[in-house]
2 protein chains.
Amino acid sequence: MTQSPSSPFLPIKCGRVEEINTQEENPTKPMSDRHGIDPELLQRMVYDALVWSSLHGLVVGDRNVQRSGKVPGVGMVHAPFALLPMSFPESHWGQACELAPIFNELVDRVSLDGEFLQNSLSRTKKVDAFTSRLLDIHSKMLENNKKEEIRLGLHRSDYMLDEETKLLLQIELNTVSCSFPGLSCLVSELHRSLLNQFKEQLGLNSGRIPENTNLSQFAEALAKAWKEYNNPRAVVMIVVQTEERNMYDQHWLSTVLKERYDVTTIRKTLAEIDEHGVLRPDGTLLVGDLAIGVIYFRAGYTPTDYPSESEWRARYLMEQSSAVKCPSISYHLAGTKKIQQELAKPNALERFLENKDDIAKLRKCFAGLWSLDDSSIVKDAIERPEFYVMKPQREGGGNNIYGDDMRKALLRLQEDGTEENAAYILMQRIFPTIAPTFLMRDGICHKDHAISELGIYSAYLRNKENVIMNEQCGYLMRTKVSSSNEGGVAAGFAVLDSVYLT
Amino acid sequence: MTQSPSSPFLPIKCGRVEEINTQEENPTKPMSDRHGIDPELLQRMVYDALVWSSLHGLVVGDRNVQRSGKVPGVGMVHAPFALLPMSFPESHWGQACELAPIFNELVDRVSLDGEFLQNSLSRTKKVDAFTSRLLDIHSKMLENNKKEEIRLGLHRSDYMLDEETKLLLQIELNTVSCSFPGLSCLVSELHRSLLNQFKEQLGLNSGRIPENTNLSQFAEALAKAWKEYNNPRAVVMIVVQTEERNMYDQHWLSTVLKERYDVTTIRKTLAEIDEHGVLRPDGTLLVGDLAIGVIYFRAGYTPTDYPSESEWRARYLMEQSSAVKCPSISYHLAGTKKIQQELAKPNALERFLENKDDIAKLRKCFAGLWSLDDSSIVKDAIERPEFYVMKPQREGGGNNIYGDDMRKALLRLQEDGTEENAAYILMQRIFPTIAPTFLMRDGICHKDHAISELGIYSAYLRNKENVIMNEQCGYLMRTKVSSSNEGGVAAGFAVLDSVYLT
């Protein structure tokens, strides 16, 4: 069922991976002399980069300004970014891009297998109230025999490059509310602009920053889904949190949708949808007077987005409607960690995919990933906690458990003998490349050593049997200081970055 | 010498004008039903406009955030703007544009007449320390017989439309540090974007927003001046204040200069120029290691920019250099209020211009403008203060004196019998159109009645006898609430606006 633990220093063919930070520097990395850069040149690049981000909308709401998560145009600050793009090998880049349409197809296939989803998550359901609510809605949809004719997925698969094995290993596959489709493109543009100006002085002539077009492609996917819905008066609804400091990332998407496709977006919280949403007998979702053609979730992926029954009513209402949901409940569930772990089991992929090459490609990026049912793994993790990470089912960085905390948690779960272990999975920690870098935040340049996580965006659109889009869309590099040892790249001092292919 | 006072309600052919606010509304203005706009539509436009400004760099530093005037990318807030463009008659618009190259030529001619500048300002010199220092530098240049071969002017002539006479009347001609050449273009783009989306609902189909290209043209003028200087390794230096919350306006210009012409800009305060600047025997100005080809002043126009002798040394150093100065001391002096008043005297223009049509066109936009030597005018202003404004020689809004304050100041000057009256001029107040408008500031929409001032940018570049550029460049509309009765449109709650030609 589950694999035996392999050394993270050897190639791992099954299961998936978790990131790790080591405190050591690795002086042999490409561009490792970055910290030796001329201080005056550095200062100029820092200034130019800050100016560029301000003029080109690479901004977020400043957490120190009260209204910055509600009112656009006030309390803006440049988005945190890496001053220069992170080196990444061309071959692994190609591999990650190639995987995107295969993962899209996998998600779609898994989402169609309601029984698989319900069974795989049955134990999780008992201990994780959030997953349980999603499964309830999913069950009702199954009972009603409700088929989604138009299915839209805007995904992001996150990878790290293992330093020792030189393997590209998947961290997770996000099927809901993938952040930064807009700002990530801007960071690539910023880096391109800086390299245009300074590549001679930096000695960065040999590589390239790949085109980053996920903003266009996500907008295209939303527009095409809207077109398939086939109501010219319908709008795209972005489901938003009540406070959203990352609103500009979302506004970029709305702007491109409007300018390029003349599609209007509205922004609503789950509570507002509950208050103003109604379902017509034909399945049309009305919010206020507006028919909703496509629902794009940028909220609703985490328990804190559902403080009351109101939000759950809204989610159920939307799921019942004929609007294209990005994602539907089944796509959402297909992206959970438990399903990720189930799919890493031997012969699991074969249930959903026929093409052996595709299956082999997916497997190649999986690393150790286990249920807590596996007592030999749990034993090993207690003995050698440095090689594992314990991940709760629920989303959001900062929840992962490492090291001695993990050891204690595992021991407690063993003693208690409860069902609670179904709320977690175990993943192998990986040891990514550590590189000297400059991280920009609040106008200040931090010189530090950092690790990176590469996210590959992808879009999938299908209407009945007709696959309209299935493509890789662009990328997000996230970089964070390597000495911050918790919570993955998404948490802590992470900055937006891009890829410098070498 | 000076004209007798005319009623501001009658056409005035000579002299210039001052703005006024009346508290009354005028319900017959075009688009006067703006305040009756559907609240939901208004809310959507407000939101979209705030988003647009954030994504497109229509931003300034927030005065509530400490570093926002020094560090780009932090403490940003949308620039204050009018939600919709201000109606303006096509014919007056054409008139203002046509005047731009004539004023350019006038400034250039006046600047060449050192004796005229020195004589006209001789009494001002005694009572205005700032003008006195400028004149000292100017004198030294005259003594050294220093000729500026390359002369660059980036000007803005400000006008108001007098409501009663329907005359376009000049407020002032700015020859130094004209602000908003960048952001004004963005506001026009913002308004175009909003009208594209909402013109049907707003019933704004008949008019148009004219192209606003001053950013491109100012950059072109700076690049051409840089090219005339003919040192490929030289840079453009922007002279900046130590704190500059309007830095993004300037950064836009640097960005276009770099991207379109590959010309590098540096930013230096007067104190930094004093510290790091040296003059080579051939006249080349070096700041640090960099040769300066063009000096673009965005500071140095107001006494507070010269807190010590250091700043004056810097100004003198620059003036002595071969760098193209925008503006030179002589252009700077040609734009003073006293010179404006002198040029409004009968036969003054004829000293500088030959073309009778051009002279007539300029005169047509002049209104009442007098020296305080004119006792009959002073008497009238004391009796009817509502028809005048008293303007100090020094720059910067908020220094003008109105109403009873003016009356008292004039009486005091009469009694004292000092030279101090040379520090002021008297201008006729004008009564501009008042229009219902929406003013956006700090994310809040203020519904109010407002007056507007139209600024027409222009560029002039000459190398010896060869006039390389002499053209109108674009415009800045500034709008402020009409109940705020002091300091001109530049002071108080003024917002960036654009022109809706009807």
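Note that the structure is predicted; figures quoted are calculated from it, not measured.

About the cut-offs
Residues numbered from 1 in each chain as written. Chains lettered and ligands numbered in written order. Predicted model: local features only at pLDDT ≥ 70, side-chain atom pairs only at ≥ 80, totals over all residues. Heavy atoms only, no water. Buried < 20%, exposed > 50% of the residue type's maximum accessible area, 1.4 Å probe, protein only. Helix = DSSP H or I, 4+ residues; strand = E, 2+ residues; numbered from the N terminus. Arc of directions from axis to C-beta. Contact = heavy atoms within 4.5 Å. Polar contact = N/O pair within 3.5 Å; in protein donor to acceptor, adjacent residues only side chain to side chain. Buried area = accessible area lost by both parts, 1.4 Å probe. Salt bridge = Lys/Arg side-chain N within 4 Å of Asp/Glu carboxyl O. Axes fitted to C-alpha atoms, helices over the stretch in contact; angles between N-to-C directions. Left-handed = near helix turned anticlockwise from the far one by under 90°. Nonpolar A, V, L, I, M, F, W, Y, C, P; charged D, E, K, R; others polar. UniProt positions renumbered as here; feature names shortened; annotations may be inferred. Core = buried A, V, L, I, M, F, W, Y, C linked by side-chain atoms within 4.5 Å. Domains from an automatic or database assignment. Least-squares fit on C-alpha atoms with pLDDT ≥ 70 in both. pLDDT = per-residue confidence, 0-100.

Engineer: Tell me what's going on with helix H13 (residues 356-364) of chain B, and back it up with residues and numbers.
Structural biologist: Residue and element names in this part refer to chain B. Listed as buried for H13 are Asp358, Ile359, Leu362 and Arg363. Here the buried residues of H13 occupy an arc of 135° about the axis, which is enough to place them on one side. Turned more than 90 degrees off the buried face of H13, the exposed positions are Lys356 and Asp357. Residues of H13 that are buried make contact with helix H2 (90-112). The N-cap of H13, judged by a side-chain oxygen 2.8 Å from the amide nitrogen of Asp357 a few residues on, is Asn355.

Engineer: Give a detailed account of the interface of chain A and chain B, specifying residues and quantitative values.
Structural biologist: Each side of the interface is counted separately: chain A has 31 residues, and chain B has 30 residues. When the two sides are added together, the surface that chain A and chain B hide from each other amounts to roughly 2500 Å², 63% of it contributed by carbon and sulfur. Interface area lost by chain A to chain B is led by Tyr47(A), Leu55(A) and Met76(A), which between them contribute 25%. Applying the counting rule to chain A against chain B returns zero salt bridges. Where chain A touches chain B, the interface holds eleven residue pairs in polar contact (both at pLDDT 80 or more).

Engineer: So what's going on with the packing of helix H5 (residues 129-143) of chain B against helix H10 (residues 309-320) of chain B? Residues and values would help.
Structural biologist: All names here are of chain B. Contact geometry of H5 with H10 gives a least axis separation of 10 Å together with a crossing angle of 35°. You can see that H5 and H10 cross each other, and the crossing is right-handed. Together, Phe130, Arg133, Leu134, Ile137, Lys140 and Met141 of H5 and Glu309, Trp312, Arg315, Tyr316, Glu319 and Gln320 of H10 make up the contact between the two elements. Residues belonging to the contact of H5 with H10 are distributed by class as follows: six nonpolar, one polar and five charged.

Engineer: Give a detailed account of the side chain of Thr437(A), specifying residues and quantitative values.
Structural biologist: All names here are of chain A. Tracing the chain through its elements places Thr437 in strand S17 (residues 435-441). Given the relative accessible area of 0%, Thr437 is considered buried. Contact partners of Thr437, with chain neighbours within four places excluded, come to His35, Ala82, Met86, His446, Lys447, Asp448, Ala450 and Thr479.

Engineer: So, the UniProt feature "domain: Glutathione synthase substrate-binding" (unreviewed entry) in chain A: which residues are in play, and what are the values?
Structural biologist: As annotated by UniProt and renumbered to match this structure, "domain: Glutathione synthase substrate-binding" (unreviewed entry) occupies residues 234-334 of chain A. A distance of 28 Å separates the end C-alpha atoms of residues 234-334 of chain A, which is 40% helix and 26% strand.

Engineer: Can you explain the nonpolar core? Please cite residues and give values.
Structural biologist: Counting residues in each nonpolar core, the largest one holds 283 residues, and the members touching the most others are Leu58(A), Leu83(A), Leu152(A), Leu58(B), Leu83(B), Leu152(B) and Met237(B). In contact with Leu58(B), other than residues within four places in its own chain, are Trp52(B), Ser53(B), Val77(B), His78(B), Ala79(B), Phe81(B), Leu183(B), Leu186(B), Val187(B), Leu190(B) and Leu496(B).

Engineer: Residues and numbers for the domain arrangement of chain A, please.
Structural biologist: All names here are of chain A. Each assigned domain of chain A is listed with its residue range as follows: domain 1 (82-367 + 430-501) and domain 2 (368-429). Relative to domain 2, the C-alpha centre of domain 1 lies at a distance of 26 Å. With 27 residues of domain 1 at the interface, the matching set in domain 2 holds 25 residues. Overall, the association of domain 1 and domain 2 removes approximately 2300 Å² of surface from exposure, summing both partners, and the carbon and sulfur fraction of that is 54%. By the criterion of area lost to domain 2, the three top residues of domain 1 are Arg123, Lys337 and Gln341, representing 29% of everything that side buries. Viewed at the interface, domain 2 and domain 1 are joined by two salt bridges. Between domain 1 and domain 2 we count four residue pairs in polar contact (both at pLDDT 80 or more) in total.

Engineer: Provide a residue-level description of the pattern of salt bridges, including the pertinent values.
Structural biologist: Tallied over the entire structure, the rule returns 66 salt bridges over all chains. Between Glu309(A) and Arg133(A) there is a salt bridge, with its nearest N and O atoms 2.9 Å apart. Highlighted residues: Glu309(A) in helix H10 (residues 309-320) and Arg133(A) in helix H5 (residues 129-143), separated in sequence by 176 residues. Under the relative-accessibility criterion, Arg133(A) is labelled partly exposed at 28%. Here Arg412(B) and Glu420(B) are joined by a salt bridge, their closest N and O atoms 3.5 Å apart. Overall, the relative accessible area of 38% leaves Arg412(B) in the partly exposed class. Ionic contacts of the salt-bridge type, sharing partners, join the residues Arg156(A), Asp158(A), Glu453(A) and Arg478(A) into one network.

Engineer: Describe in detail the relation of the copies chain A and chain B, supporting the description with residues and values.
Structural biologist: Of the transformation placing chain A onto chain B, the axial shift is 0.0 Å and the rotation is 180°, giving an RMSD of 0.0 Å. What the rotation and shift describe, once combined, is the action of a two-fold rotation axis. When each C-alpha of chain A is compared by its distance to the rotation axis, Met76(A) comes out closest, at 2.4 Å. The share of interface residues of chain A whose copies in chain B are also at the interface is 97%, consistent with both copies meeting through the same surface.

Engineer: Describe in detail the environment of Pro181(B), supporting the description with residues and values.
Structural biologist: All names here are of chain B. Its location among the elements puts Pro181 in the loop between strand S7 (168-174) and helix H6 (183-202). Pro181 sits in the buried class, given a relative accessible area of 0%. For the pair Pro181 and Asn214, spaced 33 residues apart in sequence, the C-alpha separation works out to 5.8 Å.

Engineer: Go over the confidence of the model for chain A with me, naming the residues and quoting the values.
Structural biologist: All names here are of chain A. Per-residue pLDDT for chain A averages 89, and the proportion of residues at 70 or more is 91%. A low-confidence stretch, residues 1-32 stays under pLDDT 50, and its non-local contacts, those more than four residues away or across chains, total 129 contacts. A low-confidence stretch, residues 485-491 (pLDDT under 50), is modelled with 26 contacts involving residues beyond four sequence positions or located in other chains. We note a pTM of 0.91 for the whole complex and an ipTM of 0.90 for its interfaces.

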